[in-house]
Amino acid sequence: MSIYKINNTKILIRGAGDIASGIAYRLFISGFKVIMTETEHPTSIRRRVCFSEAIYDGEKEIEGVKAIFSKDPEMALLAAEEGKIPVLIDPELKYLTYIKPLALVDAIVAKKNLGTKMEMADIVIGVGPGFEAGKDCHAVIETKRGHNL
């Protein structure tokens with residue numbers, strides 16, 4: 001794999017709920033360009049810490065990081081260049097080939113894989129149950145809370 005400049009590296013995060021937003025926040029403050037996708041009517045539980053709220057309100061700021069609702073992939077790429085996290089309505093990832101991310105992080109946490117495949121990006125990470133490393137994605141991150149992970 002080539003060496004990538006972090007500030008030009010796009011990471012697409014599938015989902016914009018609390019776990020996905022935490023991932024997006026850390027990647028963004030580390031210098032990555034983060035683009036998030038969500039459903040048209042997000043059902044996030046901890047809404048105060050979810051970038052998915054940008055779909056309802058136009059924008060959402062969490063600890064100084066601003067997400068903005070983007071109606072199309074062109075608007076999303078522009079927002080990412082301007083130092084914001086764009087949130088697109090794109091649950092089927094129809095804009096994936098247009099965005100061309102280095103990495104795809106599926107952080108929907110749906111308890112099953114909703115169509116994420118290893119071929120979707122150079123690096124594909126599944127977050128939560130329902131993924132198998134080497135089959136669906138390159139790596140899996142468990143999200144079960146508690147002391148006995």
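About the thresholds
Here the residue numbers are simple positions, counted from 1 along each chain's written sequence. Per-residue local features are limited, in this predicted model, to residues with pLDDT of at least 70; the limit for side-chain atom pairs, both in listing and counting, is 80 or more; totals at the level of whole chains, interfaces and linings are taken over all residues. Hydrogens and waters are ignored; side-chain quantities use all the structure's heavy atoms. In this text, buried Ala, Val, Leu, Ile, Met, Phe, Trp, Tyr and Cys residues form a nonpolar core when linked through side-chain atoms within 4.5 Å. The cut-offs for exposure are 20% and 50% of the maximum accessible area for each residue type, with area from a 1.4 Å probe on protein chains only; residues under the lower value are buried, those over the upper are exposed, and the others partly exposed. Strands here are runs of E lasting at least two residues and helices are runs of H or I lasting at least four, both read from the DSSP assignment and numbered beginning at the N terminus. By the convention used here, residues are in contact when the closest approach between their heavy atoms is within 4.5 Å. At least two DSSP bridges between two strands are needed for those strands to be called paired. Looking down the strands as they point away from the viewer, one classifies a crossover as right-handed if the path from the first strand across the helix to the second runs clockwise. Just to be clear on terms, a salt bridge is a Lys or Arg side-chain nitrogen sitting within 4 Å of an Asp or Glu carboxyl oxygen. Axis lines are fitted to C-alpha atoms, over the contacting stretch for helices. Their N-to-C directions set the angle, which ranges from 0 to 180 degrees. The length a helix should cover is 1.5 Å for every residue beyond the first. The definition of a polar contact used here is a pair of N or O atoms within 3.5 Å, where within protein one atom must be able to donate a hydrogen and the other to accept one, and adjacent residues in sequence count solely through side-chain atom pairs.

1. Remarks on the nonpolar core
Counting 22 residues, the largest nonpolar core has I13, A24, V34, M36, F51, I85 and V87 as its most contacted members. Element by element, the count of residues in this core is highest for helix 1 (residues 18–29), at four residues. If we ignore the near neighbours within four places in the chain, the residues touching M36 are I13, G15, A16, A20, S21, A24, F51, I85, P86, V87 and L88. Listed in part, the 14 residues of the second largest apolar core include L12, L88, A121 and V124.

2. Regarding the environment of P73
Structurally, P73 is set in helix 3 (residues 73–81). For the pair P73 and G17, spaced 56 residues apart in the sequence, the C-alpha separation amounts to 20 Å. Excluding residues within four positions of it along the chain, P73 makes contact with L88, Y95, Y98 and I99.

3. Looking at the pairing of strand 4 (residues 65–70)
Across the six residues of strand 4, five count as buried, placing the element largely inside the fold. Inspection of the sheet shows strand 3 (residues 59–62) paired to strand 4 by four bridges, in the antiparallel sense. Residue pairing for strand 4: K60 is matched across the bridge by A67. Where strand 3 hands over to strand 4, the hairpin turn is made up of two residues, of which E63 adopts a positive phi near 45 degrees. Note that strand 4 and strand 5 (residues 85–89) share four bridges and pair parallel. Pairing of I68 across the sheet is with P86, part of strand 5. For the handedness criterion, the β-α-β arrangement of strand 4, helix 3 and strand 5 is classed as right-handed.

4. Topic: the pattern of salt bridges
Overall, the coordinates contain six salt bridges when judged by the stated rule. Put simply, E53 and R47 hold a salt bridge, and the shortest N to O gap is 3.0 Å.

5. So, the sheet that holds strand 2 (residues 33–38)
One open sheet accounts for eight strands, arranged 3-4-5-2-1-6-7-8; its pairing is mixed. Because the sheet does not close on itself, it has two edges, and the strands there are strand 3 and strand 8 (139–141). Averaged over all adjacent pairs, the angle separating strand axes in this sheet is 20 degrees, with direction ignored. Strands strand 1 (10–14), strand 2, strand 3, strand 4, strand 5, strand 6 (103–106) and strand 7 (123–127) of the sheet are contacted by helix 1, whose axis makes an angle of about 165 degrees with strand 2.

6. Details of helix 1
Between its first and last C-alpha, helix 1 extends 16 Å over 12 residues, near the 16 Å set by a 1.5 Å rise per residue. Where helix 1 is buried, its residues contact strand 1, strand 2, strand 3, strand 4 and strand 5. Positioned one or two residues after helix 1, G31 has a phi angle of 110 degrees, which is positive.

7. Some details on unusual backbone geometry
Even without being glycine, V109 reaches a positive phi, approximately 55 degrees. Within the secondary structure layout, V109 lies in the loop between strand 6 and strand 7. Even without a glycine there, the phi angle at K111 is positive, about 75 degrees.

8. Re the side chain of D136
Note that D136 resides in the loop between strand 7 and strand 8. At a separation of 2.8 Å, a polar atom in the side chain of D136 contacts the main-chain amide nitrogen of E132. Beyond its immediate stretch of four places on either side in the chain, D136 contacts N113, T116, K117, M118, V124, G130 and F131.

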